[in-house]
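Topology and contacts: notes
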Amino acid sequence: MPRTFESLADIVETGFCIGCGLCKALAPGAEIVMQEAANGHLRPVAGRSPAPAEEAAILRLCPGINVTGPFSADAPPLDPVWGEVRRVARGHAADPGVRFLAAAGGIMTALSQHLVESGQVRAVLQVRPDGTDALASQPVLNRTADAVLESAGSRYATCATLEMLPEFLDGGEPFAVAMKPCDIAAIRNLQAEDVRARELIVLTIALFCGTVPSLQASDDFLARRGLARDDITAFRWRGHGCPGPTVATARDGRTFEGDYAEFWVDNPWTTQFRCKICPDAVGLQADIAVGDAWPGGWPKGEDEGWNAVIAHTEAGARLLADAEAAGRIVLQEADVALLSDTQPHHVALREALAARLAAVRVAGLPEPRFEDLGLAACAAAVDTAVLAKNFEGTLRRLRDAARDAPAQADYTP
Ligand SMILES: Cc1cc2nc3c(=O)[nH]c(=O)nc-3n(C[C@H](O)[C@H](O)[C@H](O)COP(=O)(O)OP(=O)(O)OC[C@H]3O[C@@H](n4cnc5c(N)ncnc54)[C@H](O)[C@@H]3O)c2cc1C
Ligand code: SF4
Ligand code: SF4
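Residues numbered from 1 in each chain as written. Chains lettered and ligands numbered in written order. Predicted model: local features only at pLDDT ≥ 70, side-chain atom pairs only at ≥ 80, totals over all residues. Heavy atoms only, no water.

Counting its secondary structure elements, the chain contains 17 helices and 15 strands. When each of the 413 residues of the chain is scored for burial, the buried share is 58%. If you take every contact in the chain between residues at least 6 apart in sequence, the share linking residues at least 24 apart comes to 73%. Approximately 16300 Å² of the chain is accessible, and the part contributed by carbon and sulfur atoms is 53%. (Helix = DSSP H or I, 4+ residues; strand = E, 2+ residues; numbered from the N terminus. Buried < 20%, exposed > 50% of the residue type's maximum accessible area, 1.4 Å probe, protein only. Contact = heavy atoms within 4.5 Å. Areas by Shrake-Rupley, 256 points an atom, 1.4 Å probe, with all protein chains shown as cover.)

Here we come to the sheet that holds strand β10 (residues 246-250). Adjacent strands of a sheet form backbone hydrogen bonds with each other and so pair up, either parallel or antiparallel. Judged by pairing direction, the sheet is antiparallel, and its three strands sit side by side in the order β9-β10-β11 without closing on themselves. Since the sheet does not close on itself, it has two edges, and those belong to β9 (232-236) and β11 (255-258), each with one partner. This sheet shows a mean twist of 15 degrees between the axes of neighbouring strands, independent of strand direction. One ladder, built from four bridges, connects β9 with β10; its direction is antiparallel. The partner of Phe-235 across the bridge, within β10, is Ala-248. Strands β9, β10 and β11 of the sheet are contacted by helix α10 (residues 215-223), whose axis makes an angle of about 115 degrees with β9. (Pairing = 2+ DSSP bridges. Axes fitted to C-alpha atoms, helices over the stretch in contact; angles between N-to-C directions.)

Let's shift gears to the site of ligand 3. Neighbouring ligand 3 are Ile-18, Lys-180, Pro-181, Cys-182, Cys-209, Thr-211, Val-212, Arg-274, Cys-275 and Cys-278. The residue inventory of the shell around ligand 3, partitioned by class, reads seven nonpolar, one polar and two charged. (Near = heavy atom within 4 Å. Nonpolar A, V, L, I, M, F, W, Y, C, P; charged D, E, K, R; others polar.)

Successive residues of a regular strand alternate their side chains across the two faces of the sheet. Summarising the sheet, strand β1 (residues 32-36) and strand β2 (residues 42-46) pair through five bridges and their orientation is antiparallel. Bridged to Gln-35 within β2 is Arg-43. In textbook terms, the turn of a hairpin is the stretch between consecutive antiparallel strands, and for β1 and β2 this stretch comprises five residues, one of which, Gly-40, has a positive phi near 80 degrees.

With that settled, the discussion passes to the nonpolar core. Ranked by size, the top nonpolar core spans 73 residues in total, and within it Phe-16, Leu-125, Leu-165 and Phe-175 carry the most contacts. If near-sequence neighbours (up to four positions away) are discounted, Phe-16 is found in contact with Phe-5, Ile-11, Gly-64, Ile-65, Arg-274, Ile-277, Val-360, Leu-365, Pro-366, Pro-368 and Phe-370. (Core = buried A, V, L, I, M, F, W, Y, C linked by side-chain atoms within 4.5 Å.)

Our next topic: the site of ligand 1. Neighbouring residues of ligand 1: 35 residues in total, closest Thr-109, Gly-153, Ser-154, Phe-208 and Asp-292. One of the side-chain N or O atoms of His-346 is found 3.0 Å from an oxygen atom in ligand 1. Protein contact buries 99% of the 910 Å² of open area that ligand 1 shows by itself. Within the residue set of the shell around ligand 1, elements represented by two or more residues are α5 (107-117), β5 (123-129), β7 (175-179), β12 (288-292) and α15 (344-362). Residues that form the shell around ligand 1 fall into these classes: 16 nonpolar, 14 polar and five charged. (Polar contact = N/O pair within 3.5 Å; in protein donor to acceptor, adjacent residues only side chain to side chain.)

Right, let's talk about the packing of aromatic side chains for a bit. Think of a pair of aromatic rings as described by two things: how far the centres are apart, and how the planes are tilted against each other in angle. Overall, the coordinates contain eleven aromatic pairs when judged by the stated rule. When the ring of Tyr-260 is compared with that of Trp-298, the centres are 5.2 Å apart and the planes differ by 55 degrees; the resulting orientation is tilted. In this pair, Tyr-260 sits in the loop between β11 and α11 (261-266) while Trp-298 sits in the loop between β12 and β13 (307-311), placing the two residues 38 residues apart along the sequence. Taken together, the ring pairs connect Tyr-156, Phe-221, Phe-235, Trp-237, Phe-263 and Trp-264 into an aromatic cluster. One cation-aromatic arrangement involves Arg-99 over Trp-306; the distance from NZ or CZ to the ring centre is 5.0 Å. Its guanidinium or amino end placed over the ring of Phe-221, Arg-225 lies 3.7 Å from that ring's centre, counting from NZ or CZ. (Phe/Tyr/Trp six-rings, centres within 6.5 Å; stacked < 30°, edge-to-face > 60°. Lys NZ or Arg CZ within 6 Å of the ring centre and 35° of its normal.)

Right, dumping it as structure tokens:
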């Protein structure tokens, strides 16, 4: 009989934490601070033991151990990898300035701008640079198109995206969320039992997420250029082109650049274990999910910026149509073949997941509540040798390495 998670500490020590900060919000009495751990990812550190009710809420809602997908028994037939498919398109922001500044085609920024400017929401929950440390990120409710634009670009770094969620809900304003799939999983968990979260969080947009690198990855980028965190005033992982250069700006004004491959190929041992067993890294639970649109999943150089987009829900499809009609985004119709071609690493992860989770069970770790994710159907599509390799690799890692030790990203060409 597999054991269940018993405490906040259990989640962190077993390597299931993704550093979202929701537990800090759920357990104010525990005086949790989100601190950079030895693996370079943010982890909750409790000043006091959470009260039993607080700990129970963490165990029910933490997205590290609770993810429920759309593949329930009463759902219509879904695409085994991509879930509910209302519309798939290739596209970009209509505004060339947005398209240039954004990570890829700027669809996430353009949709978020449309939502606030059309009055459908008062704000969009996104991430932006933390003013104190150029590598740090913080969650923010953006209320204007200009503020949304300041959140454009992918931040390849750990961020406690949900640590301020109750504060944002206290504001009583309807808002959307444009973040990672695991952030959306946390929102869905909260919405399942909190009427205020259901009423106020009216739309969710997820990015496809090939893993979140640790802050160590950025430290290593700086170290290769003779810099440390204190030496820089700004850091940009992506954007200003597609993918755009990675750029560190030093206090003396000099800039230091790298290319896209550096974070994923030269420097891959910076992901967290939980990303290796992520049961939804493609935003199955979001109204809309957005990613890059490079054929084969890897950039062949700089391009003008394109996104692959999927609307999972009617609300998502409506937003795409509405933003298109308003001239915010440009879309070309496509189908799931576009997603599978541009996201081969996500297809492979979905197919490998059942085997990796079987290894987690055999290693004696507690059982996460990963439900309705269609993992058996995904596994059925691949050769048993692939499943065996994933099972063995995960089990070996769990036997040999500390549970929350840095792992190698799956996302390499
Ligand atoms: C950690 C990470 C891994 C990714 N992996 C993949 C992948 O495997 N495949 C793929 O196709 N695309 C991946 N992306 C997404 C890709 O880089 C683009 O963000 C996506 O294509 C949307 O492009 P855009 O131009 O519409 O985004 P933009 O218009 O630039 O908007 C970016 C949005 O992402 C949000 N965001 C940025 N960094 C973070 C963060 N650390 N945490 C939460 N939200 C954040 C911003 O708040 C904003 O809403 C990843 C992004 C990140 C941050
Ligand atoms: S995943 Fe989020 S809610 Fe769960 S323990 Fe980590 S920081 Fe807390
Ligand atoms: S791979 Fe999954 S767990 Fe890791 S950061 Fe991305 S969405 Fe979150």
